[in-house]
Amino acid sequence: EEAASGASKHGATQQAFYSALQEYLGHYYRMLALVESKITRDQDKGSMDATTSGSDQATKSPRVTLRGLAVMLSEPAQQLRVLAILSDSAGGLRGGALINRLYELSNHGDPFLRSL
């Protein structure tokens, strides 16, 4: 019932904007789950390698390093910062005003920002 009343409060433009934000957040959460599974797998392999002495080096996959983690998270973190700016600057706007504000923000010199 709350979802139905919440949906009627917001117009189609706001719903589309919220949907796009949710899509990016969903992508971010999936990426975090992937990173977490890689780290967990590395920890599990590390404990198994400690118990087995003759493990084959060719079958080992590269471990997640701090540098690798920073590389994996840099673009999603930048996307989240941009989405936070968009969300803050579009807060409370509806319809054409929301579209105009998002269009103003998209006219930026950075191709990364324009692609969002």
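Conventions we followed
Residues numbered from 1 in each chain as written. Predicted model: local features only at pLDDT ≥ 70, side-chain atom pairs only at ≥ 80, totals over all residues. Heavy atoms only, no water. Helix = DSSP H or I, 4+ residues; strand = E, 2+ residues; numbered from the N terminus. Buried < 20%, exposed > 50% of the residue type's maximum accessible area, 1.4 Å probe, protein only. Contact = heavy atoms within 4.5 Å. Expected span 1.5 Å × (residues − 1). Bend = angle between axes of the 7 residues up to and from the residue. pLDDT = per-residue confidence, 0-100. Patch = residues over 30% accessible without salt bridge, like charges linked within 9 Å, V, L, I, M, F, W, Y side chains within 5 Å. Areas by Shrake-Rupley, 256 points an atom, 1.4 Å probe, with all protein chains shown as cover. Salt bridge = Lys/Arg side-chain N within 4 Å of Asp/Glu carboxyl O. Core = buried A, V, L, I, M, F, W, Y, C linked by side-chain atoms within 4.5 Å. Lys, Arg positive; Asp, Glu negative; His and termini not counted. Axes fitted to C-alpha atoms, helices over the stretch in contact; angles between N-to-C directions. Left-handed = near helix turned anticlockwise from the far one by under 90°. Nonpolar A, V, L, I, M, F, W, Y, C, P; charged D, E, K, R; others polar. Phe/Tyr/Trp six-rings, centres within 6.5 Å; stacked < 30°, edge-to-face > 60°.

A. Layout of the overall build of the protein chain. When you go through the protein chain residue by residue, the secondary structure sums to five helices and zero strands. In the protein chain, the order of α-helices and β-strands from amino to carboxyl end is α-α-α-α-α. Counting over 116 residues, the protein chain shows a buried share of 14%. Taking the contacts inside the protein chain whose residues are at least 6 apart along the sequence as the reference set, 65% of them involve residues at least 24 apart.

B. Focus on helix α3 (residues 66-90). Helix length check: α3, at 25 residues, gives a terminal C-alpha distance of 35 Å against a target of 36 Å (1.5 Å per residue), a fit within 8%. Taken as a whole, α3 carries its principal kink of about 35 degrees at serine 74; the proline proline 76 stands between one and four residues after it. For α3, the set of buried residues is Pro76, Gln79, Val82, Leu83, Leu86 and Ala90. Phi turns positive one or two residues past the end of α3, at glycine 92, with a value near 85 degrees.

C. The arrangement of the confidence of the model for the protein chain in detail. Model confidence for the protein chain is summarised by a mean pLDDT of 78, while 77% of its residues fall at 70 or above. When pLDDT is averaged over each element of the protein chain, α3 comes out on top at 88 and helix α1 (residues 2-9) at the bottom at 53.

D. Local environment of a nonpolar patch on the surface. A cluster of nonpolar side chains, namely Leu25, Tyr29 and Leu32, defines an oily patch on the protein surface of about 280 Å² accessible area. Residue position: tyrosine 29 is located in helix α2 (residues 12-51). With a relative accessible area of 54%, tyrosine 29 lands in the exposed category.

E. Molecular detail of the nonpolar core. Core analysis: the largest hydrophobic core is formed by eight residues, namely Phe17, Leu21, Val82, Leu83, Leu86, Ala90, Leu98 and Phe112. Elements supplying a minimum of two residues to this core: α2 and α3. Among all residues touching alanine 90, those that are not within four sequence positions of it are Phe17, Leu98 and Leu102.

F. Summary view of the side chain of aspartate 42. Examined against the element boundaries, aspartate 42 turns out to sit in helix α2. Of the buried charged residues, aspartate 42 lacks a salt bridge, with arginine 41 as the closest side chain of opposite charge at 4.4 Å.

G. Summary view of the environment of leucine 80. The residue leucine 80 is located in helix α3 in this model. Sequence-wise, leucine 80 and tyrosine 28 are 52 residues apart; in three dimensions their C-alpha atoms are separated by 8.5 Å. Not counting residues up to four positions away in its chain, the partners in contact with leucine 80 are Leu25 and Tyr28.

H. Representation of the packing of α3 against helix α4 (residues 95-106) in the model. Between α3 and α4, the shortest axis-to-axis distance is 10 Å and the interhelical angle comes to 140 degrees. Here α3 and α4 pass one another in a crossing that is right-handed. Here Leu86, Ser89 and Ala90 of α3 come into contact with α4, specifically with Leu98, Arg101, Leu102 and Leu105. Classifying every residue of the contact of α3 with α4 gives five nonpolar, one polar and one charged.

I. Just the packing of aromatic side chains, in detail. Summed over the entire model, instances satisfying the criterion amount to two aromatic pairs. Here phenylalanine 17 and tyrosine 18 contribute two aromatic rings whose centre-to-centre distance is 6.3 Å and whose plane-to-plane angle is 45 degrees, an arrangement assigned as tilted. Judged by relative accessible area, which is 12%, phenylalanine 17 ranks as buried. Ring geometry for tyrosine 28 versus tyrosine 29: centroids 6.4 Å apart, planes at 55 degrees, classification tilted.

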